[in-house]
Each structure stands twice: as structure tokens, then as C-alpha cells.
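An overview of the molecular structure
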Amino acid sequence: MNLEHLIETVFLGNTLINWGIAVVLFAAVYLGLVIGKKIVSRQLDKLAVKSETDIDNFIVDLLKVRTKRPLLMLFALYAGSLVLTLPLQIGRTISNIFLIGLALQLGLWGNGIINFIISRRAAREQDEELKIEAYSVISLIARAVLWSAIALVALNNMGVKVTALVAGLGVGGIAVALALQNILGDLFASLSIVFDKPFVVGDFIVIDDLMGNVEHVGLKTTRIRSLSGEQLVFSNTDLLSSRVKNYGRMNER
């Protein structure tokens, strides 16, 4: 068998030359992405050293740490498969694997964006304990929403009918929310205190006939030290539904 016949030999519906082109394209795309990632990361590192903002560091983190090589390999594999004539089922499987990998990578980038936004916002808070508690909850909720969306996209690409699944999750979510109504109410009330800041730790406040200095704002309760020395504990929901007089913000006293 001469070289011409060998090149024209059909294997799995494609000639050997087509397989060779696919392998070369896969290698070229993968190496190009890896080398390009390193070059861009190196340049951004140099800019981040000179820059006073943390946005450069954020972009470097997304590119160097959160951009994974398996995704680059999947992208190169998908690009190489485009020059081949593949059975419908195999081509669809490769496309689904690539889309799932892309969804996971978007999830990693989304995690980085969530971390960046929340850390910048939390850095402005003065109460370290409150910052850790409240923003950890916000981060958890944001990540849950993000990865739920990623999971639905992945299941949809795998052929799962997500409409019925979403409907079932919605009914289950309503049942859980009703069961945890008081806890969730206090939780969201604590987030309201964090962002709206009707008072902060150290303020002297009066609620009805009770008064004292705010000692701690937690996820469920707020604790106040009264003038007579005892600690008063309020649920966050009850506290926000009451009329609060904040003497810590008086112009004159």
C-alpha cells in the first residue's frame, strides 16, 4: 500500500489526512490558548504591580487561578472535531461535554466575581464580626444561585427536562421557606441592618421603654447592654418592626 492510498484510507468515517488535520488543529488551539494565557497573565502581573487599584489583581486571579486547563483542552477538542465528519450522536456528545465544561468554567469565573464584589463591599464595614457573618451569608446565597443555574444548564444539555425539575424545586422551596419563616425573616432583617445601617455597634438606642448600647448584631438577634448592666436580646425582625431612637447620631447632646 503506497502513501497515497494510506492517506486516503477511511477510518471511522474520515480519512487519515482529516484525522491528522484534526490532531494538528487540536494541538495548535490548545498550545495557543495556554501560551496566550501565560503571556497575558505576565503582562497583567506587571500592570498590577504599578496600579493602585485592585481590579488588575482581580483580572489576574480570573485568568491565572480560575481559568482551568481542562476547559482549554475541551475547547481545543471541540475545535478539532469541527473538521471531522462524525456520527450525529458522537458530535452531539462532544458538543454537550464542551458546553458543560464551559458552564463549569463560567461558574468558576462567577465565584471570582462574587468574591471580588463582596470583599470590596465588606472592606468598608467597621464591625469585623458582623462583616464576617453577614457577608458570608450573602456569599452563600449568591453561590447557591450561581451553581443552581450552572447545574440546570448542564442537566439541560444532558437531555434532562429541567422544566419539571424547576417546578418541583419551586414547590419544595416554598415549603422550606414556610417552615423556616421566622429564621429567614431574622436573617434578611440582619442583612437589612447591615446595608441600611439604622444603627451600628456602639450606638445608644431606645426601643419602646428599653435602652442601651448595641453590643452585637448577629444573623438572628441583636444584643444590647442596658444601663443597669443586663443584656437585652432582640430578634432582628422585632427590632426592625419597632420604632428605634438612635441617640448615637444626635447632633447635640
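Summary of the structure given here. (Residues numbered from 1 in each chain as written. Predicted model: local features only at pLDDT ≥ 70, side-chain atom pairs only at ≥ 80, totals over all residues. Heavy atoms only, no water.)

Considerations on the packing of aromatic side chains
- A full pass over the atoms with the stated rule returns four aromatic pairs.
- Plain terms: the ring middles of Phe26 and Tyr30 are 6.4 Å apart, the flat faces sit at 5 degrees to each other, and that makes the pair stacked. Of this pair, Phe26 and Tyr30 both sit in helix H2 (residues 16–50), four residues apart, which is roughly one turn of that helix.
- What makes Phe26 partly exposed here is its relative accessible area of 27%.
- Through a chain of ring-to-ring contacts, the aromatic side chains of Phe75, Tyr78 and Phe98 assemble into a single cluster. (Phe/Tyr/Trp six-rings, centres within 6.5 Å; stacked < 30°, edge-to-face > 60°. Helix = DSSP H or I, 4+ residues; strand = E, 2+ residues; numbered from the N terminus. Buried < 20%, exposed > 50% of the residue type's maximum accessible area, 1.4 Å probe, protein only.)

What to know about a positive patch on the surface
- A cluster of like positive charges, contributed by Lys38, Arg42, Lys46, Lys50 and Arg69, occupies part of the molecular surface.
- With four residues, the single largest contributor to the positive patch is H2.
- Of note, Lys38 is situated in helix H2.
- Of the residues examined, Lys38 reaches a relative accessible area of 46% and is grouped as partly exposed. (Patch = residues over 30% accessible without salt bridge, like charges linked within 9 Å, V, L, I, M, F, W, Y side chains within 5 Å. Areas by Shrake-Rupley, 256 points an atom, 1.4 Å probe, with all protein chains shown as cover. Salt bridge = Lys/Arg side-chain N within 4 Å of Asp/Glu carboxyl O. Lys, Arg positive; Asp, Glu negative; His and termini not counted. Charge placed at Lys NZ, Arg CZ, Asp CG, Glu CD.)

Digging into unusual backbone geometry
- In this structure, Asp208 takes a positive phi of about 55 degrees despite not being glycine.
- Residue placement: Asp208 occurs in the loop between strand E3 (204–207) and strand E4 (210–217).

Some thoughts on helix H4 (residues 69–81)
- Relative to the 18 Å expected for 13 residues at 1.5 Å per residue, H4 spans 18 Å between its end C-alpha atoms, a close match to the ideal helical length.
- Those residues of H4 lying buried are Leu71, Leu72, Ala76, Ala79, Gly80 and Ser81. (Expected span 1.5 Å × (residues − 1).)

Considerations on the nonpolar core
- Ile193, Phe199, Ile205, Ile207, Val214, Val217, Ile224, Leu232, Phe234 and Leu239 form the largest nonpolar core, which has 10 residues in total.
- Of all the secondary-structure elements, those providing two or more residues to this core are E3, E4 and strand E6 (231–235).
- Counting residues in each nonpolar core, the second largest holds nine residues, with Ile118, Tyr135, Ile138 and Val194 among its members. (Core = buried A, V, L, I, M, F, W, Y, C linked by side-chain atoms within 4.5 Å.)

Description of the environment of Gly32
- Assignment of secondary structure puts Gly32 in helix H2.
- With 44 residues separating them in the primary sequence, Gly32 and Ala76 have C-alpha atoms 9.5 Å apart.

Section: the sheet that holds E4
- In space, the five strands of this open sheet follow the order E6-E5-E4-E3-E7, with antiparallel pairing throughout. With partners counted over all chains shown, the strands left at the sheet margins are E6 and strand E7 (244–246), one partner each. On average, adjacent strands in this sheet sit at an angle of 40 degrees to one another, irrespective of strand direction. (Pairing = 2+ DSSP bridges. Axes fitted to C-alpha atoms, helices over the stretch in contact; angles between N-to-C directions.)

What to know about the pattern of salt bridges
- Taken as a whole and assessed by the stated rule, the structure comprises two salt bridges.
- One salt bridge connects Arg66 with Asp61, and the closest N-O pair in it is separated by 2.8 Å.
- Between Glu215 and Arg225 there is a salt bridge, with the nearest N and O atoms lying 2.9 Å from each other. Highlighted residues: Glu215 in strand E4 and Arg225 in strand E5 (residues 221–225), separated in sequence by 10 residues.
- What makes Glu215 partly exposed here is its relative accessible area of 36%.
- For Arg225, a relative accessible area of 32% puts it in the partly exposed group.

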